[in-house]
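Architecture at a glance
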Amino acid sequence: QVQLVESGGGLVQAGGSLRLSCAASGRTFSTYFMGWFRQAPGKEREFVAGISWSGGSTYYADSVKGRFTISRDNAKNTVYLQMNSLKPEDTAVYYCAAEHRITIPTMRREYEYGYWGQGTQVTVSS
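This part covers the pairing of strand 9 (residues 92–99). The element strand 9 is largely enclosed, with a buried count of 7 among its 8 residues. Pairing between strand 4 (residues 33–39) and strand 9: 7 bridges, direction antiparallel. The residue of strand 9 that forms the bridge with Q39 is V93. Relative to strand 11 (residues 120–125), strand 9 runs antiparallel, the two being bridged by 3 bridges. Looking across to strand 11, one finds that A92 is bridged to V122. Where strand 9 meets strand 10 (residues 115–116), 2 bridges bridge the pair, whose relative direction is antiparallel. When the bridges of strand 10 are listed, A97 appears paired with W116.

Ranked by size, the top nonpolar core spans 38 residues in total, and within it M34, W36, L81, M83 and Y94 carry the most contacts. Secondary-structure elements contributing two or more residues to this core are strand 3 (18–24), strand 4, strand 5 (46–51), strand 6 (58–60), strand 7 (68–73), strand 8 (78–83), strand 9 and strand 11. The dominant element in this core, judged by the number of residues it contributes, is strand 9, at 5 residues. Beyond its immediate chain neighbours, meaning those up to four positions away, L81 contacts L18, R19, L20, W36, V48, A49, F68, T69, I70 and Y94.

With the rule as written, the count across this model stands at 1 disulfide. Paired by a disulfide, C22 and C96 hold their sulfur atoms 1.9 Å apart. One quick way to see it: the torsion about the S-S bond of C22 and C96 is about 50°, and its sign makes the bridge right-handed. Of this pair, C22 sits in strand 3 while C96 sits in strand 9, placing them 74 residues apart in sequence. With relative accessibility at 0%, the residue C96 sits in the buried group.

Moving on, we come to the pattern of salt bridges. Scanning the model with the defined rule gives 5 salt bridges in all. Across the salt bridge formed by D90 and R38, the nearest N and O atoms sit 2.9 Å from each other. Of this pair, D90 sits in the loop between strand 8 and strand 9 while R38 sits in strand 4, and the two are 52 residues apart along the sequence. A salt bridge links D62 to K65; its shortest N-O distance comes to 3.2 Å. Each of R38, E46, R67 and D90 takes part in salt bridges that share partners, so that together they form one network.

Moving on to the environment of G66. Position of G66 relative to the elements: it lies in the loop between strand 6 and strand 7. Overall, G66 belongs to the exposed group, its relative accessible area being 81%. Between the C-alpha atom of G66 and that of A98, which follows or precedes it by 32 residues, the distance is 23 Å.

To continue, consider the pairing of strand 1 (residues 4–7). Side chains of strand 1 alternate between two faces, with L4 and E6 buried and V5 and S7 left unburied. Strand direction decides the pairing type here: strand 1 and strand 3, joined by 4 bridges, are antiparallel. The partner of S7 across the bridge, within strand 3, is S21.

Parameters at a glance
Numbering of residues begins from 1 in every chain and follows the order in which that chain's sequence is written. Residues qualify for local features only when their pLDDT is at least 70, as the model is predicted, and side-chain atom pairs are given and counted only at 80 or more; totals for whole chains, interfaces and linings, by contrast, use all residues. Computation of side-chain values: all heavy atoms of the structure, hydrogens and water removed. The classification of residues rests on relative accessible area computed with a 1.4 Å probe and restricted to protein chains. Under 20% of the type maximum is buried, over 50% is exposed, and intermediate values are partly exposed. The secondary structure listing takes helices from DSSP runs of H or I that are at least 4 residues long and strands from runs of E that are at least 2 residues long, numbered from the N terminus. What makes two strands pair is DSSP finding at least two bridges between them. Here, nonpolar core refers to any group of buried Ala, Val, Leu, Ile, Met, Phe, Trp, Tyr and Cys residues whose side-chain atoms link them within 4.5 Å. Residues are treated as being in contact if the distance between any of their heavy atoms lies within 4.5 Å. Any two cysteine sulfur atoms within 2.5 Å of one another count as a disulfide. Salt bridges are defined by distance alone: a side-chain nitrogen of Lys or Arg within 4 Å of a carboxyl oxygen of Asp or Glu.

Below is the structure:
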């Protein structure tokens, strides 16, 4: 089992940057595929980015491709989401998620993940 704690959210102006972190408990972090999701007010939670167990492969939603970068440091049990060129429509609660076994075609679906953090608020002002 793994526990996830996000940090790094906050208020930023449009065009600015933030880096989110998600710290995981336990000694088996490298056995989890990691994802970032977000949920804006009144909307369903949506996939943002995912990263494979070793960090060698990354995946992005079209809406953030070229602006966001997901990375992980297995020695520090942490996954990151670097967010650049932020837009007001990026405003949401951001969640990290983990799962041992996941397939690439399904890793964009939130119900594929068994472990979730509590979320961190990101607000982008125009």
